[in-house]
Amino acid sequence: RLRCDWSSDVCSSDLSSNSERLDGHNGLLLSPHIDKLFDQGWITFLANGDLVSLTNEITEVLSQWGISLPMNVGDFSQKQESYLSYHRDNIYRD
C-alpha cells in the first residue's frame, strides 16, 4: 500500500521564529488532505491526543475518508502540546 504523508507545521512557518521553524516538535506527519483541514482550522488535536472536528460536515468528510471520531492519536510531548495549544487558540475556528 502506497503512503503519501506530509509534514505539517503546527505553528505556520510564516508566523514562526527561525528556531520554531526548525523545531521538530512543531510538526505532525499528516496525509495531505488531513493537513489541509488542520491548516485551515477545521480540525485540531486536544492535549490528550483526541482528534476533534469543528462541524458535523467535517466529521462526515473524515468518515468518508475512513477516519471515525472519536479518534485518539496518542500522547504528544510537552513541547508538541505547546504548539498544539497555539493551534487550538489561534488557528482552530472554534
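It should be emphasised that the depicted structure is a prediction, and the values quoted were computed from it without experimental measurement.

Is there a simple way to think about the overall build of the chain in this case?
Looking only at helices and strands, one finds 4 helices and 5 strands in the chain. Secondary structure elements in the chain, listed N-terminal to C-terminal, are β-α-β-α-β-β-α-β-α. Across the 94 residues that make up the chain, the buried fraction comes to 33%. Residue pairs at least 24 apart in sequence account for 57% of intrachain contacts in the chain once pairs closer than 6 positions are excluded.

I tried to follow helix 4 (residues 78-90) on my own but got confused; where do I start?
Helical geometry note: an α-helix holds 3.6 residues per turn, so side chains three or four residues apart project in the same direction. Taking 1.5 Å as the rise per residue, helix 4 with 13 residues should run 18 Å; its terminal C-alpha atoms sit 18 Å apart, in good agreement. Listed as buried for helix 4 are Gln80, Glu81, Tyr83, Leu84, His87 and Arg88. Angularly, the buried residues of helix 4 cover 165° about the axis, an arc narrow enough to put them on a single face. Across helix 4 from its buried face, at more than 90 degrees, point the exposed residues Gln78 and Asp89.

How should the nonpolar core be read in this particular structure?
The nonpolar side chains of a soluble globular protein tend to be buried with one another. Grouped together as the largest cluster of nonpolar side chains are 13 residues, with contacts concentrated most on Leu28, Phe38, Ile43, Phe45 and Leu62. Secondary structure elements with two or more residues in this core: strand 2 (27-30), helix 2 (32-39), strand 3 (43-45) and helix 3 (56-64). For this core, the element with the highest residue contribution is helix 2, accounting for 3 residues.

Please explain the sheet that holds strand 4 (residues 50-53) as it appears in this structure.
Note: strands within a sheet are paired through backbone hydrogen bonds, in either parallel or antiparallel orientation. Strand order in the open sheet formed by 3 strands is 3-4-5, with antiparallel pairing between adjacent strands. If you trace the sheet from one side to the other, it starts and ends with strand 3 and strand 5 (71-72), each paired once. Looking at chain direction, strand 4 and strand 5 are connected through 2 bridges and run antiparallel. Counted as the bridge partner of aspartate 50 is asparagine 72 from strand 5.

Here is what the cut-offs are and how they apply
- Residues numbered from 1 in each chain as written.
- Predicted model: local features only at pLDDT ≥ 70, side-chain atom pairs only at ≥ 80, totals over all residues.
- Heavy atoms only, no water.
- Helix = DSSP H or I, 4+ residues; strand = E, 2+ residues; numbered from the N terminus.
- Buried < 20%, exposed > 50% of the residue type's maximum accessible area, 1.4 Å probe, protein only.
- Contact = heavy atoms within 4.5 Å.
- Expected span 1.5 Å × (residues − 1).
- Arc of directions from axis to C-beta.
- Core = buried A, V, L, I, M, F, W, Y, C linked by side-chain atoms within 4.5 Å.
- Pairing = 2+ DSSP bridges.

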